[in-house]
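The chain contents come next:
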Amino acid sequence: MNNFEVNALKPALIFTDHLILDKQFLVLGKGFPVTHELLKELITWGFTSVSCDGTIDDGTKDKEIINRSAEDLILETQQEDAEAAKERIEKANELKSNLQNAAKLIQTLNTESSRLEMTHKVYKEYSDYIESLYTRYSTHKEIDREQLSKVVQELIIFVRENRRFVLRINPASKQTDKKFLVNHAMRSTVIALTIGTRLRLQFTQMIELGQACILHEIGMLRLPPQLYITDKKLQPQEKAKLASHPILGYELLKEVGFTLPIQRAVLEHHEKENGSGYPRHISADDISTYAKIIAVACAFEAITAPRHYRSARPKYEAMLEILRNTNNQYDENVIKALLYSFSIFPIGVYVYLANGKIARITDTKPDDPRHPIAQILGETAADGDPRTVETDESSNKVVRVLNQQEEADVLKSLGLTND
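(A) Geometry of the side chain of asparagine 162. With respect to the helices, strands and loops of the structure, asparagine 162 is situated in the loop between helix H6 (145–161) and helix H7 (163–166). With a relative accessible area of 14%, asparagine 162 lands in the buried category. Side-chain polar atoms of asparagine 162 contact the backbone oxygen of phenylalanine 158, separated by 2.9 Å. Among residues more than four places away in sequence, those in contact with asparagine 162 are Arg115 and Thr119.

Rendered as C-alpha coordinates:
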(Lines give C-alpha, C1' and ligand atoms only; values in the text may rest on other atoms or scores of the structure.)
Protein backbone atom coordinates (compact mmCIF):
# COMPACT_ATOMS: atom_id res chain seq x y z
CA MET A 1 0.00 0.00 0.00
CA ASN A 2 1.34 3.44 -0.97
CA ASN A 3 1.26 6.45 1.37
CA PHE A 4 0.56 10.00 0.16
CA GLU A 5 1.14 13.16 2.19
CA VAL A 6 -2.07 15.22 2.57
CA ASN A 7 -0.16 18.49 2.06
CA ALA A 8 1.02 17.22 -1.33
CA LEU A 9 -2.47 16.43 -2.63
CA LYS A 10 -4.25 18.80 -5.00
CA PRO A 11 -7.93 19.14 -5.95
CA ALA A 12 -8.99 17.12 -9.04
CA LEU A 13 -6.38 14.37 -8.50
CA ILE A 14 -7.78 10.91 -9.20
CA PHE A 15 -6.40 7.67 -7.76
CA THR A 16 -6.45 4.25 -9.41
CA ASP A 17 -7.81 2.63 -6.22
CA HIS A 18 -9.68 3.57 -3.04
CA LEU A 19 -8.10 6.20 -0.78
CA ILE A 20 -7.93 4.90 2.79
CA LEU A 21 -7.37 6.33 6.31
CA ASP A 22 -5.59 4.26 8.94
CA LYS A 23 -5.44 1.34 6.48
CA GLN A 24 -9.13 0.54 6.98
CA PHE A 25 -11.47 3.52 6.64
CA LEU A 26 -12.58 4.58 3.16
CA VAL A 27 -12.21 8.32 2.58
CA LEU A 28 -12.51 8.54 -1.23
CA GLY A 29 -13.79 6.00 -3.72
CA LYS A 30 -11.77 4.75 -6.70
CA GLY A 31 -12.06 7.10 -9.67
CA PHE A 32 -13.48 10.06 -7.71
CA PRO A 33 -11.53 13.35 -7.77
CA VAL A 34 -9.97 14.90 -4.67
CA THR A 35 -11.95 18.01 -3.62
CA HIS A 36 -11.14 21.20 -1.69
CA GLU A 37 -13.65 20.12 0.97
CA LEU A 38 -11.98 16.73 1.44
CA LEU A 39 -8.51 18.26 1.85
CA LYS A 40 -9.88 20.80 4.32
CA GLU A 41 -11.51 18.08 6.42
CA LEU A 42 -8.40 15.88 6.44
CA ILE A 43 -6.33 18.79 7.71
CA THR A 44 -9.02 19.73 10.25
CA TRP A 45 -9.12 16.16 11.57
CA GLY A 46 -5.33 16.13 11.89
CA PHE A 47 -4.59 13.47 9.24
CA THR A 48 -1.18 13.96 7.62
CA SER A 49 -1.23 11.06 5.16
CA VAL A 50 -3.58 8.71 3.33
CA SER A 51 -3.02 5.29 1.80
CA CYS A 52 -3.89 3.67 -1.51
CA ASP A 53 -3.17 0.31 -3.15
CA GLY A 54 -2.96 2.18 -6.43
CA THR A 55 -1.29 5.35 -7.65
CA ILE A 56 -2.28 8.78 -8.94
CA ASP A 57 -4.01 8.32 -12.29
CA ASP A 58 -2.66 10.78 -14.86
CA GLY A 59 -5.02 9.45 -17.53
CA THR A 60 -2.21 8.83 -20.04
CA LYS A 61 -3.08 5.24 -20.89
CA ASP A 62 -6.78 5.95 -21.09
CA LYS A 63 -6.21 8.88 -23.46
CA GLU A 64 -3.94 6.79 -25.67
CA ILE A 65 -6.56 4.07 -25.98
CA ILE A 66 -9.43 6.46 -26.53
CA ASN A 67 -7.68 8.50 -29.23
CA ARG A 68 -6.78 5.51 -31.35
CA SER A 69 -9.12 3.92 -33.82
CA ALA A 70 -10.44 0.40 -33.78
CA GLU A 71 -8.38 -0.33 -36.94
CA ASP A 72 -5.13 0.58 -35.16
CA LEU A 73 -5.98 -1.74 -32.34
CA ILE A 74 -6.73 -4.58 -34.75
CA LEU A 75 -3.36 -4.14 -36.50
CA GLU A 76 -1.52 -4.31 -33.19
CA THR A 77 -3.36 -7.44 -32.16
CA GLN A 78 -2.86 -9.51 -35.32
CA GLN A 79 -0.62 -11.88 -33.39
CA GLU A 80 -3.16 -12.23 -30.61
CA ASP A 81 -6.10 -14.48 -30.34
CA ALA A 82 -9.08 -13.00 -32.20
CA GLU A 83 -11.31 -13.08 -29.12
CA ALA A 84 -8.69 -11.28 -27.04
CA ALA A 85 -8.39 -8.56 -29.68
CA LYS A 86 -12.15 -8.12 -29.80
CA GLU A 87 -12.28 -7.82 -26.02
CA ARG A 88 -9.64 -5.10 -26.03
CA ILE A 89 -11.57 -3.08 -28.60
CA GLU A 90 -14.80 -3.44 -26.67
CA LYS A 91 -13.09 -2.27 -23.48
CA ALA A 92 -11.62 0.74 -25.28
CA ASN A 93 -15.02 1.71 -26.64
CA GLU A 94 -16.62 1.15 -23.23
CA LEU A 95 -13.97 3.30 -21.56
CA LYS A 96 -14.52 6.08 -24.07
CA SER A 97 -18.28 5.92 -23.51
CA ASN A 98 -17.88 5.91 -19.72
CA LEU A 99 -15.62 8.95 -19.75
CA GLN A 100 -18.01 10.81 -22.01
CA ASN A 101 -20.93 9.96 -19.73
CA ALA A 102 -18.91 11.00 -16.68
CA ALA A 103 -18.12 14.35 -18.28
CA LYS A 104 -21.81 14.91 -18.99
CA LEU A 105 -22.70 13.97 -15.41
CA ILE A 106 -20.13 16.38 -13.97
CA GLN A 107 -21.49 19.18 -16.17
CA THR A 108 -25.02 18.34 -15.05
CA LEU A 109 -24.10 18.32 -11.37
CA ASN A 110 -22.59 21.79 -11.65
CA THR A 111 -26.09 23.25 -11.50
CA GLU A 112 -27.75 23.93 -8.16
CA SER A 113 -30.99 22.14 -9.01
CA SER A 114 -29.21 19.02 -10.25
CA ARG A 115 -27.02 18.79 -7.15
CA LEU A 116 -30.13 19.06 -5.00
CA GLU A 117 -31.96 16.43 -7.07
CA MET A 118 -29.02 14.03 -6.82
CA THR A 119 -28.82 14.63 -3.06
CA HIS A 120 -32.50 13.72 -2.71
CA LYS A 121 -31.95 10.44 -4.58
CA VAL A 122 -28.94 9.41 -2.50
CA TYR A 123 -30.71 10.45 0.71
CA LYS A 124 -33.60 8.15 -0.19
CA GLU A 125 -31.18 5.27 -0.79
CA TYR A 126 -29.80 5.64 2.73
CA SER A 127 -33.35 5.82 4.13
CA ASP A 128 -34.23 2.63 2.26
CA TYR A 129 -31.17 0.95 3.78
CA ILE A 130 -32.25 1.92 7.31
CA GLU A 131 -35.72 0.56 6.59
CA SER A 132 -34.23 -2.75 5.41
CA LEU A 133 -32.01 -2.88 8.52
CA TYR A 134 -35.01 -2.41 10.84
CA THR A 135 -37.08 -4.91 8.85
CA ARG A 136 -34.30 -7.48 8.94
CA TYR A 137 -34.04 -7.21 12.70
CA SER A 138 -37.83 -7.41 13.13
CA THR A 139 -38.07 -10.59 11.06
CA HIS A 140 -34.74 -12.36 11.73
CA LYS A 141 -33.31 -10.69 14.85
CA GLU A 142 -30.13 -9.97 12.88
CA ILE A 143 -28.04 -6.85 12.19
CA ASP A 144 -25.07 -6.98 9.82
CA ARG A 145 -22.61 -4.89 11.84
CA GLU A 146 -19.92 -4.86 9.14
CA GLN A 147 -22.35 -3.69 6.48
CA LEU A 148 -23.73 -0.99 8.78
CA SER A 149 -20.21 0.29 9.48
CA LYS A 150 -19.46 0.55 5.76
CA VAL A 151 -22.75 2.32 5.03
CA VAL A 152 -22.09 4.84 7.81
CA GLN A 153 -18.61 5.56 6.43
CA GLU A 154 -20.17 6.39 3.07
CA LEU A 155 -22.92 8.42 4.75
CA ILE A 156 -20.36 10.53 6.64
CA ILE A 157 -18.68 11.51 3.37
CA PHE A 158 -22.04 12.11 1.67
CA VAL A 159 -23.25 14.45 4.45
CA ARG A 160 -19.91 16.26 4.66
CA GLU A 161 -19.64 16.97 0.93
CA ASN A 162 -23.34 17.78 0.40
CA ARG A 163 -24.12 19.44 3.73
CA ARG A 164 -25.80 22.56 2.36
CA PHE A 165 -28.06 20.43 0.16
CA VAL A 166 -28.86 17.58 2.53
CA LEU A 167 -29.80 19.95 5.37
CA ARG A 168 -32.45 21.50 3.10
CA ILE A 169 -34.36 18.22 2.77
CA ASN A 170 -37.64 18.53 4.62
CA PRO A 171 -39.64 15.66 6.16
CA ALA A 172 -42.80 14.48 4.48
CA SER A 173 -45.89 16.42 5.56
CA LYS A 174 -47.45 13.13 6.63
CA GLN A 175 -45.49 10.21 8.03
CA THR A 176 -46.88 6.69 7.84
CA ASP A 177 -46.69 4.30 10.79
CA LYS A 178 -44.23 2.13 8.91
CA LYS A 179 -41.88 5.01 8.09
CA PHE A 180 -41.95 6.86 11.42
CA LEU A 181 -38.88 5.26 13.01
CA VAL A 182 -36.96 5.14 9.71
CA ASN A 183 -37.52 8.83 8.94
CA HIS A 184 -36.64 9.85 12.48
CA ALA A 185 -33.46 7.73 12.44
CA MET A 186 -32.35 9.11 9.06
CA ARG A 187 -32.95 12.80 9.82
CA SER A 188 -31.47 12.55 13.32
CA THR A 189 -28.36 10.83 11.97
CA VAL A 190 -27.75 13.54 9.36
CA ILE A 191 -28.03 16.20 12.09
CA ALA A 192 -25.84 14.22 14.51
CA LEU A 193 -23.09 13.70 11.91
CA THR A 194 -23.21 17.41 11.07
CA ILE A 195 -22.77 18.25 14.75
CA GLY A 196 -20.00 15.65 15.11
CA THR A 197 -18.11 17.17 12.20
CA ARG A 198 -18.33 20.60 13.80
CA LEU A 199 -17.03 19.14 17.08
CA ARG A 200 -14.12 17.66 15.10
CA LEU A 201 -14.68 14.08 16.18
CA GLN A 202 -12.19 11.59 14.76
CA PHE A 203 -13.37 9.53 11.81
CA THR A 204 -13.62 6.37 13.93
CA GLN A 205 -15.76 8.28 16.42
CA MET A 206 -17.99 9.57 13.62
CA ILE A 207 -18.58 5.97 12.52
CA GLU A 208 -19.63 4.96 16.03
CA LEU A 209 -21.83 8.05 16.35
CA GLY A 210 -23.52 7.31 13.01
CA GLN A 211 -24.23 3.69 13.91
CA ALA A 212 -25.55 4.65 17.35
CA CYS A 213 -27.87 7.31 15.92
CA ILE A 214 -29.28 5.01 13.25
CA LEU A 215 -30.01 2.46 15.98
CA HIS A 216 -30.93 4.73 18.89
CA GLU A 217 -34.66 3.95 18.71
CA ILE A 218 -34.39 0.29 17.70
CA GLY A 219 -35.60 -0.75 21.15
CA MET A 220 -39.02 0.49 20.01
CA LEU A 221 -39.27 -2.63 17.84
CA ARG A 222 -39.77 -4.64 21.04
CA LEU A 223 -42.78 -2.53 22.01
CA PRO A 224 -46.33 -2.38 20.57
CA PRO A 225 -46.43 0.31 17.82
CA GLN A 226 -49.52 1.91 19.35
CA LEU A 227 -47.33 3.15 22.20
CA TYR A 228 -45.19 5.41 19.99
CA ILE A 229 -47.50 5.94 17.03
CA THR A 230 -50.64 7.44 18.51
CA ASP A 231 -52.40 10.74 19.02
CA LYS A 232 -53.99 9.54 22.26
CA LYS A 233 -52.74 10.51 25.70
CA LEU A 234 -50.80 7.62 27.24
CA GLN A 235 -51.63 6.24 30.65
CA PRO A 236 -48.85 6.24 33.32
CA GLN A 237 -48.14 2.53 32.85
CA GLU A 238 -47.98 3.02 29.08
CA LYS A 239 -45.55 5.92 29.48
CA ALA A 240 -43.37 3.77 31.73
CA LYS A 241 -43.36 1.02 29.14
CA LEU A 242 -42.43 3.47 26.38
CA ALA A 243 -39.60 4.87 28.53
CA SER A 244 -38.05 1.40 28.62
CA HIS A 245 -37.02 1.55 24.96
CA PRO A 246 -33.45 2.81 25.65
CA ILE A 247 -32.86 -0.23 27.92
CA LEU A 248 -34.40 -2.55 25.35
CA GLY A 249 -32.18 -1.04 22.64
CA TYR A 250 -29.10 -1.35 24.85
CA GLU A 251 -29.81 -5.03 25.55
CA LEU A 252 -30.53 -5.67 21.88
CA LEU A 253 -27.23 -4.16 20.73
CA LYS A 254 -25.36 -6.03 23.46
CA GLU A 255 -26.85 -9.30 22.20
CA VAL A 256 -25.90 -8.54 18.60
CA GLY A 257 -22.32 -7.60 19.57
CA PHE A 258 -21.98 -3.83 19.15
CA THR A 259 -19.23 -1.99 21.01
CA LEU A 260 -19.81 -0.47 24.45
CA PRO A 261 -19.70 3.18 23.21
CA ILE A 262 -22.55 2.43 20.79
CA GLN A 263 -24.49 0.55 23.48
CA ARG A 264 -24.08 3.47 25.91
CA ALA A 265 -25.19 6.03 23.35
CA VAL A 266 -28.43 4.13 22.76
CA LEU A 267 -28.97 3.62 26.50
CA GLU A 268 -28.36 7.29 27.39
CA HIS A 269 -29.83 9.28 24.50
CA HIS A 270 -32.79 10.41 26.67
CA GLU A 271 -30.65 11.46 29.63
CA LYS A 272 -30.49 15.20 30.43
CA GLU A 273 -27.64 17.42 31.62
CA ASN A 274 -29.70 18.34 34.70
CA GLY A 275 -30.39 14.71 35.62
CA SER A 276 -34.10 14.81 34.74
CA GLY A 277 -33.84 12.32 31.88
CA TYR A 278 -34.24 8.55 31.79
CA PRO A 279 -33.73 5.63 32.28
CA ARG A 280 -30.94 6.13 34.88
CA HIS A 281 -31.32 9.86 35.68
CA ILE A 282 -27.59 10.51 35.22
CA SER A 283 -26.26 13.99 34.46
CA ALA A 284 -23.48 16.07 32.87
CA ASP A 285 -20.16 14.23 32.61
CA ASP A 286 -21.74 10.85 33.35
CA ILE A 287 -23.52 10.98 29.97
CA SER A 288 -21.53 9.80 26.95
CA THR A 289 -20.57 12.31 24.25
CA TYR A 290 -22.45 10.37 21.58
CA ALA A 291 -25.63 10.39 23.69
CA LYS A 292 -25.32 14.16 24.24
CA ILE A 293 -25.09 14.71 20.46
CA ILE A 294 -27.97 12.36 19.67
CA ALA A 295 -30.13 14.07 22.32
CA VAL A 296 -29.78 17.46 20.61
CA ALA A 297 -30.14 15.98 17.11
CA CYS A 298 -33.31 14.14 18.14
CA ALA A 299 -34.78 17.22 19.81
CA PHE A 300 -34.22 19.36 16.70
CA GLU A 301 -35.61 16.62 14.45
CA ALA A 302 -38.64 16.06 16.64
CA ILE A 303 -39.58 19.75 16.63
CA THR A 304 -39.21 20.15 12.86
CA ALA A 305 -40.96 16.92 11.77
CA PRO A 306 -44.68 16.19 11.85
CA ARG A 307 -46.08 13.78 14.40
CA HIS A 308 -49.45 12.05 14.59
CA TYR A 309 -50.57 14.46 17.27
CA ARG A 310 -49.19 17.76 15.87
CA SER A 311 -47.78 19.52 12.82
CA ALA A 312 -44.10 20.25 12.22
CA ARG A 313 -42.74 23.54 13.56
CA PRO A 314 -40.38 25.80 11.58
CA LYS A 315 -36.63 25.22 11.85
CA TYR A 316 -36.11 28.75 13.12
CA GLU A 317 -38.42 28.11 16.07
CA ALA A 318 -36.66 24.81 16.72
CA MET A 319 -33.28 26.53 16.80
CA LEU A 320 -34.52 29.17 19.25
CA GLU A 321 -36.00 26.52 21.51
CA ILE A 322 -32.76 24.51 21.58
CA LEU A 323 -30.73 27.67 22.20
CA ARG A 324 -32.92 28.60 25.17
CA ASN A 325 -31.97 25.22 26.68
CA THR A 326 -34.68 25.49 29.31
CA ASN A 327 -33.61 23.97 32.66
CA ASN A 328 -30.20 23.10 31.21
CA GLN A 329 -31.33 19.96 29.40
CA TYR A 330 -28.60 19.79 26.75
CA ASP A 331 -24.82 20.10 26.58
CA GLU A 332 -23.84 23.69 25.72
CA ASN A 333 -20.96 22.65 23.44
CA VAL A 334 -23.29 20.44 21.41
CA ILE A 335 -25.84 23.26 21.16
CA LYS A 336 -23.10 25.60 19.93
CA ALA A 337 -22.06 23.02 17.30
CA LEU A 338 -25.69 22.81 16.12
CA LEU A 339 -25.90 26.60 15.89
CA TYR A 340 -22.69 26.96 13.90
CA SER A 341 -23.71 24.10 11.60
CA PHE A 342 -27.18 25.50 10.79
CA SER A 343 -26.86 29.21 11.77
CA ILE A 344 -29.41 31.15 13.79
CA PHE A 345 -31.55 31.16 10.62
CA PRO A 346 -31.22 27.46 9.74
CA ILE A 347 -30.41 26.21 6.25
CA GLY A 348 -33.64 25.88 4.30
CA VAL A 349 -35.71 28.68 5.89
CA TYR A 350 -37.13 31.60 3.89
CA VAL A 351 -36.46 35.14 5.08
CA TYR A 352 -37.22 38.80 4.37
CA LEU A 353 -34.14 40.98 3.84
CA ALA A 354 -33.82 44.66 4.69
CA ASN A 355 -33.70 45.53 0.96
CA GLY A 356 -37.20 44.11 0.51
CA LYS A 357 -36.11 40.90 -1.21
CA ILE A 358 -37.06 37.37 -0.22
CA ALA A 359 -34.32 34.76 0.10
CA ARG A 360 -33.71 31.21 1.22
CA ILE A 361 -30.85 30.35 3.58
CA THR A 362 -28.60 27.88 1.77
CA ASP A 363 -25.32 27.82 3.71
CA THR A 364 -23.54 29.06 6.81
CA LYS A 365 -20.48 31.16 7.46
CA PRO A 366 -17.98 29.04 9.41
CA ASP A 367 -17.49 31.54 12.23
CA ASP A 368 -20.58 33.75 12.07
CA PRO A 369 -23.90 31.99 12.75
CA ARG A 370 -25.75 35.34 12.71
CA HIS A 371 -25.11 36.02 9.02
CA PRO A 372 -25.61 32.93 6.83
CA ILE A 373 -25.51 32.73 3.03
CA ALA A 374 -28.85 33.45 1.33
CA GLN A 375 -30.18 32.67 -2.13
CA ILE A 376 -32.29 35.49 -3.61
CA LEU A 377 -35.57 34.17 -5.02
CA GLY A 378 -36.29 35.10 -8.61
CA GLU A 379 -32.75 36.32 -9.38
CA THR A 380 -29.97 34.46 -11.19
CA ALA A 381 -26.19 34.83 -11.38
CA ALA A 382 -24.13 34.91 -14.58
CA ASP A 383 -23.81 31.10 -14.61
CA GLY A 384 -27.59 30.68 -14.47
CA ASP A 385 -27.74 29.54 -10.86
CA PRO A 386 -29.80 31.51 -8.30
CA ARG A 387 -27.94 34.59 -7.00
CA THR A 388 -26.52 34.24 -3.50
CA VAL A 389 -25.43 36.91 -1.04
CA GLU A 390 -23.83 37.06 2.38
CA THR A 391 -26.33 38.41 4.86
CA ASP A 392 -25.09 41.30 6.98
CA GLU A 393 -26.22 44.21 9.16
CA SER A 394 -26.90 46.44 6.16
CA SER A 395 -29.10 46.01 3.07
CA ASN A 396 -28.81 42.22 3.21
CA LYS A 397 -29.80 42.02 6.86
CA VAL A 398 -32.34 39.34 7.74
CA VAL A 399 -35.40 41.20 9.02
CA ARG A 400 -37.49 38.16 9.88
CA VAL A 401 -38.37 34.59 8.91
CA LEU A 402 -41.41 34.01 6.70
CA ASN A 403 -44.27 32.17 8.38
CA GLN A 404 -45.59 28.99 6.79
CA GLN A 405 -48.45 30.66 4.92
CA GLU A 406 -46.18 33.40 3.54
CA GLU A 407 -43.67 30.78 2.45
CA ALA A 408 -46.35 28.77 0.66
CA ASP A 409 -47.71 31.89 -1.09
CA VAL A 410 -44.24 32.97 -2.28
CA LEU A 411 -43.36 29.53 -3.62
CA LYS A 412 -46.70 29.26 -5.41
CA SER A 413 -46.28 32.67 -7.05
CA LEU A 414 -42.83 31.69 -8.32
CA GLY A 415 -43.86 28.20 -9.40
CA LEU A 416 -41.42 26.59 -6.93
CA THR A 417 -41.72 23.69 -4.51
CA ASN A 418 -40.37 23.39 -0.96
CA ASP A 419 -37.72 20.68 -1.07
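Right, picking up where we left off after that structure.
(B) Just the sheet that holds strand E9 (residues 398–401), in detail. Here 5 strands make up an open sheet; going across it, the order is E8-E7-E6-E5-E9 and the pairing antiparallel. Edge positions in the sheet fall to strand E8 (386–390) and E9, since each of these pairs with one other strand and no more. In this sheet, neighbouring strand axes are inclined to one another by 45° on average, regardless of whether the strands run parallel or antiparallel. Of the pairings in the sheet, the one linking strand E5 (residues 350–353) to E9 comprises 3 bridges and is antiparallel in character. Its bridge partner being in E9, tyrosine 352 is matched across the sheet by arginine 400.

(C) Representation of the pattern of salt bridges within the structure. In total, this model carries 22 salt bridges according to the counting rule given. Here lysine 397 and glutamate 393 are joined by a salt bridge, their closest N and O atoms 3.6 Å apart. Here lysine 397 falls in the partly exposed class, since its relative accessible area comes to 36%. The structure contains a network of salt bridges with shared partners spanning Arg264, Glu268 and Arg280.

(D) Inspection of the confidence of the model for the protein chain at higher detail. Per-residue confidence for the protein chain gives a mean pLDDT of 83, with 81% of residues at or over 70. Throughout residues 60–71 the model reports pLDDT below 50, and contacts reaching past four residues in sequence, or to other chains, amount to 9 contacts. Between residues 98–109, whose pLDDT stays under 50, and residues either more than four places distant or in other chains, the model counts 6 contacts.

(E) Region of interest: the side chain of serine 127. Following the sequence through the fold, serine 127 ends up in helix H5 (residues 112–140). Serine 127 sits in the buried class, given a relative accessible area of 9%. Setting aside its immediate chain neighbours within four residues, serine 127 contacts Val182 and Met186.

(F) Highlighting the nonpolar core. Formed by 103 residues in total, the largest nonpolar core has its most connected members in Ile143, Leu215, Ile218, Leu253, Ile322 and Leu338. Ile358, Leu377, Val410 and Leu411 belong to the second largest nonpolar core, which has 6 residues in total.

Conventions and cut-offs
- Residues numbered from 1 in each chain as written.
- Predicted model: local features only at pLDDT ≥ 70, side-chain atom pairs only at ≥ 80, totals over all residues.
- Heavy atoms only, no water.
- Helix = DSSP H or I, 4+ residues; strand = E, 2+ residues; numbered from the N terminus.
- Buried < 20%, exposed > 50% of the residue type's maximum accessible area, 1.4 Å probe, protein only.
- Polar contact = N/O pair within 3.5 Å; in protein donor to acceptor, adjacent residues only side chain to side chain.
- Contact = heavy atoms within 4.5 Å.
- Pairing = 2+ DSSP bridges.
- Axes fitted to C-alpha atoms, helices over the stretch in contact; angles between N-to-C directions.
- Salt bridge = Lys/Arg side-chain N within 4 Å of Asp/Glu carboxyl O.
- pLDDT = per-residue confidence, 0-100.
- Core = buried A, V, L, I, M, F, W, Y, C linked by side-chain atoms within 4.5 Å.

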